[in-house]
4 protein chains.
Amino acid sequence: MAGSTLGTLFTVTTWGESHGPALGAVVDGCPAGLPLCEEDIQRYLDRRKPGQGKFTTARREGDRAQILSGVFDGKTTGTPISILIKNEDQRSRDYSSIKDCCRPGHADYTFDRKYGIRDYRGGGRSSGRETAGRVAAGAVAAKLLAELGIHFTAYTKAIGDISIPDGAYDFSQITENPLYMPSRSHAEEAAAFLEDCIRRQDSAGGVVECRIDGLPAGIGEPVFHKLDAALAGAVMSIGAVKGVEIGDGFGAARSFGSRNNDPFYADESGVHKRTNHAGGTLGGISDGSAVILRAAVKPTPSISREQDTVDREGNNLKISIQGRHDPVIVPRAVVVVEAMAALTVADLLMIRMSSRLSDIKAFYSGR
Amino acid sequence: MAGSTLGTLFTVTTWGESHGPALGAVVDGCPAGLPLCEEDIQRYLDRRKPGQGKFTTARREGDRAQILSGVFDGKTTGTPISILIKNEDQRSRDYSSIKDCCRPGHADYTFDRKYGIRDYRGGGRSSGRETAGRVAAGAVAAKLLAELGIHFTAYTKAIGDISIPDGAYDFSQITENPLYMPSRSHAEEAAAFLEDCIRRQDSAGGVVECRIDGLPAGIGEPVFHKLDAALAGAVMSIGAVKGVEIGDGFGAARSFGSRNNDPFYADESGVHKRTNHAGGTLGGISDGSAVILRAAVKPTPSISREQDTVDREGNNLKISIQGRHDPVIVPRAVVVVEAMAALTVADLLMIRMSSRLSDIKAFYSGR
Amino acid sequence: MAGSTLGTLFTVTTWGESHGPALGAVVDGCPAGLPLCEEDIQRYLDRRKPGQGKFTTARREGDRAQILSGVFDGKTTGTPISILIKNEDQRSRDYSSIKDCCRPGHADYTFDRKYGIRDYRGGGRSSGRETAGRVAAGAVAAKLLAELGIHFTAYTKAIGDISIPDGAYDFSQITENPLYMPSRSHAEEAAAFLEDCIRRQDSAGGVVECRIDGLPAGIGEPVFHKLDAALAGAVMSIGAVKGVEIGDGFGAARSFGSRNNDPFYADESGVHKRTNHAGGTLGGISDGSAVILRAAVKPTPSISREQDTVDREGNNLKISIQGRHDPVIVPRAVVVVEAMAALTVADLLMIRMSSRLSDIKAFYSGR
Amino acid sequence: MAGSTLGTLFTVTTWGESHGPALGAVVDGCPAGLPLCEEDIQRYLDRRKPGQGKFTTARREGDRAQILSGVFDGKTTGTPISILIKNEDQRSRDYSSIKDCCRPGHADYTFDRKYGIRDYRGGGRSSGRETAGRVAAGAVAAKLLAELGIHFTAYTKAIGDISIPDGAYDFSQITENPLYMPSRSHAEEAAAFLEDCIRRQDSAGGVVECRIDGLPAGIGEPVFHKLDAALAGAVMSIGAVKGVEIGDGFGAARSFGSRNNDPFYADESGVHKRTNHAGGTLGGISDGSAVILRAAVKPTPSISREQDTVDREGNNLKISIQGRHDPVIVPRAVVVVEAMAALTVADLLMIRMSSRLSDIKAFYSGR
C-alpha cells in the first residue's frame, strides 16, 4: 500500500506539503447518514492550531476546513469525504539556509536519500503540518464513534520529567491550561520548565495519554490487525512519536503475573475486570473496559542553539535554526494522537461486524 | 484486510490453532532465486522451542517445518512458500476445567465475545503457539535480508527489574544462557529471580531488544507506513507485547532537543550521525545507522496461583491453572520479535525500490 | 498486494505447484459459526476432478481436501481455515523435453522472463491445477452464502460455435452430461465436435455462464470495487479466461438505450425490473435481480499437433506435447468460475454491512 | 479496501460528486523525479470534455485541473499528488423531477438501497463525471509510462453494429473525427447512425479498444493480480462498461488450440510471437508483445423517450429525462479506458521490480 492511506473499511488518505497551496484528507468508507458539517472538523483542527500561547509557534495558520464532497443535506452519503485546508500563511521566505542542509532530528536527510528531491520549504511533506489532514479525518471518525457512545479523552501526561501520576488526574483541567494537562499544579510546573527551555534555546518532549471509553468488547482482528497492534502502528506513524504503550506498557514488563492479570468478576450488570493493567485489550481484542494508550513524544528538533550538521554535498557545517519554534510539541500532538486512535477504532469497529454468521444472517434477514 | 495476513509485497499469512492437527504460514512475494531449505527455517524455529530449560514448558513440540511449495531445486521461485508444522504433542487431555472458564490475562473472554465460539484447547488461535508460523516466515525474510547484508540481533534486555544497561552488552553471551541475555552476570541474576517466581507460583515479564544492522537509508513509506510505524504495529501484534519503543523511546520524552537530536557529520566514507538516539529512523525512514527497537513483554498470564474469574455463564469462580508453565516467556519471544522485524523490513525494502523515476528507468532499461 | 491473496474481509490465499508435495488455500475472515466439514469442500473439488470422461485427462488426482485449522466441533471459529490437498499422482516423469522449452499458449516463457527460474514440472504454479485451491476456498464461500439464501448456478453455455440460446436452457440437464451443458441436444452436438477435435489433435474453447440468485440489493463498493468490477477481476484471473461479460455484455454495445435500460415497476412484493439486460447490477451495485456473468475460455493450449517454438537459449524448434490432454477445459472451468464468483460475493457482502450509520447503530446497540 | 482507492504501490483515490463544489484525485506512490505540470493533466482531461460536438452534451465543464501537492520545481517529489477540478457549471436547477425517482439504467435505485441517502443532483457520485478524477490520475500514470517507452493508443472500435475490422485501422484518423474512430468511413457511417438515434430520442453503445505498446515482458502478479485480471477489474469499474476482453477475447472461445496458440520464434533481436491472439499476456504476465484490450460500453441510459419506472415510495410512474444528453458516451469513454489501463500498468510495473533476488541485490548494491 502506498504510504499515505490508512485503514481497510474506514480509510484516510492525506496529502499536502507544509508550504504548498493546500493540504487535506480524503475519508473513504464513512457510513452514510452521519450528521457532519465543517464546524465539526474545525473544532478538532482548532485544538492543534499553533499560535495559542507562548509554547506554540506564532504562525497563524487559520486552518479553515472545507468539505468538498461526501456530505449532502448535512449528512454523509457513504461516498468519499474530501476535506481541504488552504495554507494561508505562505510568506515568500528565504529558504537558502536550509535548502541544502540536513537539519538534525528532521527528515531532510532521509527524504533526500529516498527520493533524491524534496520540497525543502518548512519540511514539506515531513512537516508536522501534515497532521492537519489526519486531525480533520480524525474529527469525522470521532463524530461517528460518538454516535455509538464511544468517547476519547486525550491529554498531556508528562512534559520532560514532570509526569502526572495515574491517581492525580483532574480531567476538568485539560482545557484550562495551554499544555492540556489534567492537573493544574503539574501544568504550572511544566510551564516554568518550558520557560527555562526557551531561555536555554532548547526544547522538551513528553507523553500523551489517550483513553477510550464506551468501546464494546470484540473489536480487533487476530492475529496481525489486533486493536493494540493497529493503535501502535497508527500512533507511531506520527512523526515525533518514539514509543507506544497499551495499559501498563513497559511497566508490565516489571510486574508479576499475579499482579498484572486482571481478575474477572460478574455481577447483575455483566462481566467486569477488577483492574485494568491490560489497558482494555486481551489477545488484541477489546474487552469492554477503557482502552488506555500512551505515546512518547520527542523534543522539538528545531532549536535555535547551534548544531553540527552537513549539507547535501557532504560538507560539514554549523546550523542554528532561525524563527520562533515551539519549545515543545506535546500539547499540539494531543489531538493528533486522539485522531489516530479514532481512525483506528472506527475501522476495526466496522470490520468486526462480520465476525459471526448469526450477525450476518440477522443483518441480511428481510433485505 | 482479514487479520491473519501482514505486508504488501512480501506478505505472510499464518494459520492454525494450538491443538489442531497442524499450523503454518504462507509467505507470498518472496523474490525468486533465494537459496532456501527446511534447515534454514528449522534453525529459527528451534530458537523458540520450549523444553529447553527450566524456564520453559516441558511440552516437546518437535516443530519440524516442512516446505510444501515455492522452492524448486533449492531456490525460491517467486511463488508462495507454504510452510507446515505438525502439532505432534496432541495428547488427548481433559479440558473441562478451562472449557467454559475465562482465564485472567488470556483471550478466552474476548474471543467468546467476538466469535461466540472458540477452540478452547490450549488457547486455540490465541495461543503463543501461533507464533511458530510467524517465526517460520521470519526465517525466510531473515535469509533474504542476510543476502543483502542486513542482519538482526535480538536478545533479552531485561527480566523484571533486572535490566542490562546499554553500555554493558556482551553479544557473545546471548547464546550462552537460556535467557538469551547479552550479559552473563545479568543472566545469572535473572535466573535466580525466576527461581523465586516459580517458588511463589508466579511469573515475570521483561524487555526484548532487537538491533538491525546494515539497513540502507531510504526504507519506510511516509506518512502512515513509516519504518517505525510498521515495526511498532508488527511487534505489538505479538500477543504478550504491551509496549514498543524505537531508539530512546520513552527516554526521548524526558530528553532535550539539544541532546536528543543526532548531529550529522561527513567524512570520506560518507555522512554519519554522531549519536543514534533516533534508533535509525528520521521521519520514519531509515537513515543508514542501526535500527534499535524494544518490546515490553508482559508476565506469563498462566500461573498456578489461585485467581478470581468467571465462567461463560457469568458465574464467579476460582481458577488455578494446572500443568507446568513458563515463569517467563521473554526468552521465547526474542526470536518472535526478530521475525516480526525481519518480515516488516523485507516488505518495506521491496516497496522502496520504486521511489525514484531514475531507479525505475535504470531497472527497465534494456529489458 | 502479493499476487496470491484475494479479498478484503473474506480473503483467500492459494499456494502450491502442480507437481509439488501438495497445494492448498487459506481462507481468512470467514465468520464464526458456519457448519463446515471436509465433505463440503470435497463435493466442490469433485466437480473439477479430471478423469471423469473422455474429454478430461486420465490423471487421477484424488484431490482429498483436509481441513487443518479454523473449524472446531464442526463449525468455523472465525480463524483462518487452512485446506490442504496432497498431490498424489506425482509419477517421476521425464521432463527433459519441456524443461527448457516454452510451450506456446503456456506461461513458461513469461515465468522465465519474470522470475528467471520456474518449476517446469507440469506447469508448476501456472498449471490449471492451482485452481484446486480456489475451488476449495470457493466451497467455503458458497456454503456461507447458501446460509444467506444466495445460490450459484454455473454451466457451459458454449463449446466452440455450439452455443445454447438464452431461452433454451434446461438446468436439470447440467449434471446429466460430462460437459455441464443445460441442454441435452447441445451437449450431444458438442460431444461430437470434441471427438472431431481429438481426431485432429486439436483443442477447443467455450463459454461458462454463472447465475447468482438471491443476492440482496446493495452489494458492491463504488467506485473501483464495484460488484461487476470485482467479479471481472476475479474471473479474469483464471488462467484460461480471455473475456468477461456482465448481463448483455458485448451485446449491450450493439443495443439501444430504449431496449437496454431495464424498466422498474412496483407491486405489492416490492420493486422489480421488467427485464435484466444489466445482469443484476446498476452502478456496480447489486439491484436484487439475478446476477449473470460469462467467461470466455480459450482452447486448451496443450495439443499433440506439432508447433513452432523456442527453447530458453533462443533456439527455434518444433514441439508436440505428449501425453493425453483435455481437448477442452471448459467443463472443468465451470466450478472454478463459480468459486471465484462466490469468493467475490462473500467478500463484498461482508463489506456492505457497514454502509449505513443506522445499521451500525443497530448492530452495536446493547453490545 | 474502501471502494474509492485502486492500486498497491501506485494508487489513485478519487472523490467528488457531479454537482458538488469540486471533484478530484489523489495519486500516491508516484516515483520522485517525474516532470509534471497541470498542462500534462489538462491535455488528458480535454479528451473527455463534453461539448465538443453534436454527440456530446452542451454542458461546458471547463475542467481546469489544479495540482495542490506532490510537485515541486516542476517535478514529482514522491509524495501524494492531489489534483482538484472545480465544478464550474453548477447552475441551480430544479431536481424535483428526479429527486425521488429511480431512472432506469442509472444507479439511483441501488444507491438508495445501499446507503438510504443519495446526492440526487446529476447522479452524484455515480455520475460519469466521477471519471474526471480517474482521467486526471491516468494522465500522471501515462506520463510516467511514457518515460519508460510505454505508450497507449485508445480509440472507438465500434458504435452499435458499425465495427472497424482489425485490418482496417488508420490510427491517423483517431483525432480527425469526434468519435475517435481509426477509420474515416466508419466514422462517417457511425455519425449518420447517431443522427438517427437522436431523431428517435434513443441512444447507442459501442466498443473501446486500447493498445499498449512497449510494455516489457514480466509484468503481472500470479495468481490473482495478473495483468489481464487487474486490467479487467479496472476497466469494468467504469460505470458504463459491461464486458472486457483481452486479445481475441470471446473470439478465442470459438477458436482452436492450433490457431489460438501464438507460436514463438527467435531471431537475432530476441524471442517473438508470430501472432498475438493472446493479446500480450501469457499466464497473466506480459510477454513483450502489444497488450490489446476491449471494453463494451452500454448505450447512454439517459434518453428523452418515455420510460416506465418507480419513485422512492414504490409508486409506478412514467419518466422522460429532460435536457440534452449524449446519444453515445463511447467517444468520451475512450480516454477513461486508457486512463484505467495506464493506472493498472503503472502499479504492476512497480510491483514487478522486486520479483528476483538478483535484481534486488543489484539495486541495493552500493547504497
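Please read these numbers as outputs of a predicted model, since none were measured by experiment.

Q: Any chance you could explain the overall build of chain A here in plain terms?
A: Of the regular secondary structure elements, chain A holds nine helices and 18 strands. Taken over C-alpha atoms, the radius of gyration comes to 22 Å for chain A, in line with the 21 Å a tight globule of 367 residues would show. Expressed along its principal axes, the backbone C-alpha trace of chain A runs to roughly 65 × 50 × 40 Å. Out of the 367 residues in chain A, the part that is buried amounts to 68%. Taking as baseline every contact in chain A between residues at least 6 positions apart, the subset at least 24 positions apart corresponds to 70%.

Q: Mind showing me how you'd approach the interface of chain A and chain B here?
A: Tallying the contact residues gives 95 residues for chain A and 95 residues for chain B. Here the residues of the side of chain A that touches chain B are counted per class, giving 38 nonpolar, 37 polar and 20 charged.

Q: Please clarify how the relation of the copies chain D and chain B should be interpreted in this entry.
A: Relating the two copies of this chain is a rotation about some axis coupled with a shift parallel to it. Expressed as a screw operation, the relation of chain D to chain B combines 0.0 Å of axial shift with a rotation of 180 degrees, fitting to an RMSD of 0.0 Å. Accordingly, the operation relating the two chain copies is best matched by a two-fold axis. Of the residues that chain D buries at the interface, 100% are likewise interface residues in chain B, meaning the two copies contact each other through the same surface.

Q: How do you make sense of the UniProt feature "binding site: FMN" (unreviewed entry) in chain A when you look at a structure like this?
A: Residue and element names in this part refer to chain A. Under the feature "binding site: FMN" (unreviewed entry), the UniProt entry names Arg125, Ser126, Ser127, Gly283, Lys298, Pro299, Thr300, Pro301, Ser302 and Arg324. With a sequence span of 200 residues, these residues are also far apart in the fold, their greatest C-alpha distance being 45.4 Å. Among all residues touching Ser127, those that are not within four sequence positions of it are Ser18 and Gly122. Of note, Ser302 is situated in the loop between strand S16 (291-297) and strand S17 (307-310). Not counting residues up to four positions away in its chain, the partners in contact with Ser302 are Ile321 and His325.

Q: Even after reading the chapter, I still don't get the interface of chain D and chain B, so can you show me in this structure?
A: One frequently used descriptor of interface size is the decrease in accessible area upon assembly of the parts. Contacts between the two partners involve 25 residues from chain D and, on the opposite side, 25 residues from chain B. Looking at the side of chain D that touches chain B, the elements with two or more residues in it are helix H8 (330-351) and helix H9 (357-364) of chain D. With six residues, H9 of chain D is the largest single contributor of residues to the side of chain D that touches chain B. Broken down by class, the residue content of the side of chain D that touches chain B amounts to 14 nonpolar, seven polar and four charged.

Q: Help me out: how do you make sense of the relation of the copies chain A and chain B in this one?
A: Superposition of chain A onto chain B requires a rotation of 180 degrees combined with a translation of 0.0 Å along the rotation axis, giving an RMSD of 0.0 Å. Both copies present the same face, since 100% of the interface residues in chain A are matched by interface residues at the equivalent positions in chain B.

Q: For this particular structure, what's the right way to read the sheet that holds strand S8 (residues 151-159) of chain A?
A: Remark on secondary structure: sheet strands pair via backbone hydrogen bonds, oriented parallel or antiparallel. Taking strand neighbours across the sheet as the criterion, the 10 strands line up as S9(A)-S8(A)-S10(A)-S16(A)-S11(A)-S11(B)-S16(B)-S10(B)-S8(B)-S9(B) in an open arrangement whose pairing is antiparallel. Two strands bound the open sheet, and with one partner strand each, they are strand S9 (162-163) of chain A together with strand S9 (162-163) of chain B. Sheet topology note: the strand S11 (residues 241-246) of chain A/strand S11 (residues 241-246) of chain B ladder contains three bridges and is antiparallel. Along S11 of chain B, the bridge assignment pairs Glu245 of chain A with Gly243 of chain B. Packed on one face of the sheet, helix H8 (residues 330-351) of chain B meets strand S8 (151-159), strand S10 (206-213) and strand S16 (291-297) of chain B and runs near 145 degrees to S8 of chain B.

Q: Help me understand the UniProt feature "binding site: NADP(+)" (unreviewed entry) in chain A, please; the structure alone is not making it clear to me.
A: All names here are of chain A. Within this structure's numbering, the places UniProt gives as "binding site: NADP(+)" (unreviewed entry) are Arg48 and Lys54. Here Arg48 lies in helix H1 (residues 38-48). Setting aside residues up to four positions removed in sequence, Arg48 forms contacts with Thr131, Ala132, Val135, Arg332, Val335 and Val336.

Q: Just checking my understanding: could you explain the pairing of strand S7 (residues 81-86) of chain D for this structure?
A: The side chains of a regular strand alternate between the sheet's two faces. Residue and element names in this part refer to chain D. Most of S7 is tucked away, with five of its six residues classed as buried. As paired strands, strand S3 (residues 22-28) and S7 are joined by six bridges and run antiparallel to one another. Its bridge partner lying in S7, Ala25 is registered against Ile83. Pairing geometry for strand S4 (residues 65-67) and S7, over three bridges, is antiparallel. Paired with Ala65 across the two strands is Ile85, which belongs to S7.

Q: Where do I start with the nonpolar core in this structure?
A: Looking at soluble globular proteins, one finds that nonpolar side chains tend to be buried together. Among the nonpolar cores identified, the biggest contains 500 residues, and Val235 of chain A, Val235 of chain B, Val235 of chain C together with Val235 of chain D are the most heavily contacted of them. With sequence-adjacent residues up to four places away left out, Val235 of chain A is seen in contact with Val241, Val244, Leu293, Ala295, Val337, Met340 and Ala341 of chain A.

Q: In this structure, what is going on with H9 of chain D? I would like to understand it.
A: In an α-helix, one turn spans 3.6 residues, which is why side chains three or four residues apart end up on the same side. All of the buried residues in H9 of chain D are Leu357, Ile360, Phe363 and Tyr364 of chain D. Projected down its long axis, H9 of chain D carries its buried residues within an arc of 125 degrees, all on one side. Of the surrounding elements, those touching the buried residues of H9 of chain D are helix H4 (131-147) of chain B. Immediately downstream of H9 of chain D, the backbone of Gly366 of chain D shows phi near 85 degrees, a positive value.

Q: Looking at this model, I keep getting lost on helix H3 (residues 108-115) of chain B. Mind explaining?
A: Counting buried positions along H3 of chain B gives seven out of eight residues, so the element sits mostly inside the fold. Listed as buried for H3 of chain B are Asp108, Tyr109, Thr110, Phe111, Arg113, Lys114 and Tyr115 of chain B. Looking at the buried positions of H3 of chain B, the neighbouring elements they touch are strand S12 (264-267), strand S14 (281-282) and strand S15 (285-286) of chain A. Downstream of H3 of chain B by one or two residues, Gly116 of chain B has phi in the positive range, about 75 degrees.

Q: What's the story with unusual backbone geometry in this structure? I'm lost.
A: Leaving glycine out, the prevailing phi sign among residues is negative, and the prevailing peptide bond configuration is trans. All names here are of chain A. In this chain, Pro222 is followed by Val223 through a cis amide linkage whose omega measures 0 degrees. In this structure, Val223 sits in the loop between strand S10 (206-213) and helix H6 (227-236). The backbone of Tyr180 shows a phi angle near 55 degrees, a positive value even though the residue is not glycine. The residue Tyr180 is located in the loop between S9 and helix H5 (184-199) in this model.

Q: Mind showing me how you'd approach the packing of helix H1 (residues 38-48) of chain D against helix H4 (residues 131-147) of chain D here?
A: A pair of packed helices is characterised by two quantities: the angle between their axes and the separation of those axes. Residues and elements named next belong to chain D. Packing of H1 against H4 leaves a shortest axis separation of 8 Å and a crossing angle of 135 degrees. Comparing their axes, H4 and H1 come out oblique. Crossing of H1 against H4: the hand is right-handed. In this structure, H1 contributes Asp40, Ile41, Tyr44, Leu45 and Arg48 to the contact, and H4 contributes Thr131, Ala132, Val135, Ala136, Gly138, Ala139 and Lys143. A breakdown of the residues in the contact of H1 with H4 according to their chemical character gives seven nonpolar, two polar and three charged.

About the criteria used
- Residues numbered from 1 in each chain as written.
- Chains lettered and ligands numbered in written order.
- Predicted model: local features only at pLDDT ≥ 70, side-chain atom pairs only at ≥ 80, totals over all residues.
- Helix = DSSP H or I, 4+ residues; strand = E, 2+ residues; numbered from the N terminus.
- Rg over C-alpha atoms; globule rule 2.2 N^0.38 Å.
- Buried ≥ 20, exposed ≤ 12 C-beta atoms within 10 Å, placed from the backbone.
- Contact = placed C-beta atoms within 7 Å.
- Nonpolar A, V, L, I, M, F, W, Y, C, P; charged D, E, K, R; others polar.
- Least-squares fit on C-alpha atoms with pLDDT ≥ 70 in both.
- UniProt positions renumbered as here; feature names shortened; annotations may be inferred.
- Pairing = 2+ DSSP bridges.
- Axes fitted to C-alpha atoms, helices over the stretch in contact; angles between N-to-C directions.
- Core = buried A, V, L, I, M, F, W, Y, C linked by C-beta atoms within 7 Å.
- Arc of directions from axis to C-beta.
- Parallel < 35°, antiparallel > 145°, perpendicular 65-115°, else oblique.
- Left-handed = near helix turned anticlockwise from the far one by under 90°.

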